[in-house]
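Next come the chains, spelled out residue by residue.
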Amino acid sequence: MRSVGVVVPTRGDRPVLLRQAVGSVLGQAHWGTLTVAVVVDGDAPVAEVAAGLAGLGDGARRRVLVIPNTRTPGLPGARNTGLDALDADLAAFCDDDDLWLPGKLAAQLRALRRDGGEFASCGIEVEHGSHRVPRLAGTSTVRAADLVRSRMVMVHSSTFLFERGAPRPDESAPGGQNEDWDLALRAAKRHPIAYVDRPLVRVRWGSSHYSARWADRIAGLDWMLARHPELAVDPRGAARVYGQLAFGHAALGHRRAALRWAARALASRPAEPRAPIALAVAAGLVSAPAVLSRLHDRGHGI
């Protein structure tokens, strides 16, 4: 039975959610060795984080390591630190505020065997407040063209399971933004991603550190456009990115930039919904947090 290593980055500031996340990974039905590397990014004491995880794992087939981030500060560096520390046949990610639901690992292992690929994902259940919404892709395979046309929120970092030797996170991602989309896109260019169309990971959006860091989100989108020029070629995909840029600038009060990106979004795809939403935020008709809250209740982002 193949061994699996799972990287869980944390800042150490939500110990209850972290313990739940690690417990959900260790609770997976798997006969091989399962090791969780909890990587502490930032100033939180490693010993304190480890104490909060005491009692999880059996020290043999179910192990928990707690280590500091020794690479670039931020999410990609923390993930790569964990990958460096793990000696397993397969690696996976789980954010410290997410949960692996029962059967996640077994279903993805079957999908990898079925497709003969190196990278797998699955559907998610978005939790925001009292709302839980499944997000599925309606397919068993995700190709690069799919990830160009749509960000595919269900291809989430907490769903990733991949072979050693597959692409790793790029630590140059500004503020860690879009490093998971970039990673999935690079993996899909090598081989289609095996996908299980069931909600097997619960993603808790309300506790995200990244959702409203607008300057970082703008920089991350610019970074993606520079790394993957095909994003500007597909009309639907380009309109989505341009609409997101319009919304980010509107959230920061950059009205001219918001108007410029909204115009580009509509030129690429006249039906792009993010453009009028961004213009409404830029005009002060609605706030960016209010828009995000309504979208998140429905399991969607901007």
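Since this is a predicted model, take the numbers as computed values, not measurements. (Residues numbered from 1 in each chain as written. Predicted model: local features only at pLDDT ≥ 70, side-chain atom pairs only at ≥ 80, totals over all residues. Heavy atoms only, no water.)

Visitor: What exactly am I supposed to notice about the packing of aromatic side chains here?
Guide: For any pair of aromatic rings, the description consists of the separation of the ring centres together with the inter-plane angle of the planes. Tallied over the full model, the rule gives six aromatic pairs. Here the aromatic rings of F93 and F162 are separated by 5.3 Å at their centres, their planes lie at 70°, and the arrangement is edge-to-face. A residue pair is termed long-range when its members are at least 10 positions apart, and F93 in strand β4 (residues 90-93) and F162 in strand β9 (residues 161-163) qualify at 69 residues. F93 gets classed as buried once you look at its relative accessible area, which sits at 0%. By relative accessible area, which is 2% here, F162 ends up buried. Feature note: the residues F93, F119, F160 and F162 constitute an aromatic cluster, connected by ring pairs. Directly above the ring of F93 sits R79, whose terminal nitrogen or CZ lies 5.0 Å from the centroid. The ring of W100 has K104 sitting right over it, with the charged end atom 3.7 Å from the ring centre. (Phe/Tyr/Trp six-rings, centres within 6.5 Å; stacked < 30°, edge-to-face > 60°. Helix = DSSP H or I, 4+ residues; strand = E, 2+ residues; numbered from the N terminus. Buried < 20%, exposed > 50% of the residue type's maximum accessible area, 1.4 Å probe, protein only. Lys NZ or Arg CZ within 6 Å of the ring centre and 35° of its normal.)

Visitor: For this particular structure, what's the right way to read the nonpolar core?
Guide: Proteins that are soluble and globular tend to have nonpolar side chains buried together. Grouped together as the largest cluster of nonpolar side chains are 90 residues, with contacts concentrated most on V6, V38, L147, L161 and F247. The residues contacting V6, other than those within four sequence positions of it, are V25, L34, T35, V36, A37, L86, A92, F93, C94 and W100. (Core = buried A, V, L, I, M, F, W, Y, C linked by side-chain atoms within 4.5 Å. Contact = heavy atoms within 4.5 Å.)

Visitor: What am I meant to see in the layout of surface pockets here?
Guide: Leftover empty space is mapped by rolling, across the atoms, a probe with the size of a water molecule. Reported here for the second largest pocket is a volume of approximately 170 Å³. Along the walls of the second largest pocket sit L83, L86, A88, L90, A91, F162, E163, R164, G165, A166 and R168, which together make up its complete lining. The set of elements that each furnish at least two residues to the lining of the second largest pocket consists of β4 and β9. Counted by class, the lining of the second largest pocket contains seven nonpolar, one polar and three charged residues. (1 Å grid on protein atoms, 1.4 Å probe; cavity = no way out; pocket = protein on both sides within 12 Å on 5 of 7 lines; lining within 4 Å. Points joined across faces, edges and corners; volume = space filled by probe spheres on them. Nonpolar A, V, L, I, M, F, W, Y, C, P; charged D, E, K, R; others polar.)

Visitor: Is there a simple way to think about the packing of helix α8 (residues 235-251) against helix α10 (residues 274-282) in this case?
Guide: At their nearest, the axes of α8 and α10 sit 8 Å apart, and the two run at 10° to each other. In terms of orientation, α8 and α10 fall into the roughly parallel class. Of the residues in α10, those touching α8 at R240, G243, Q244, A246, F247, A250 and A251 are R274, I277, A278, V281 and A282. Among the residues making up the contact of α8 with α10, the classes are represented as eight nonpolar, two polar and two charged. (Axes fitted to C-alpha atoms, helices over the stretch in contact; angles between N-to-C directions. Parallel < 35°, antiparallel > 145°, perpendicular 65-115°, else oblique.)

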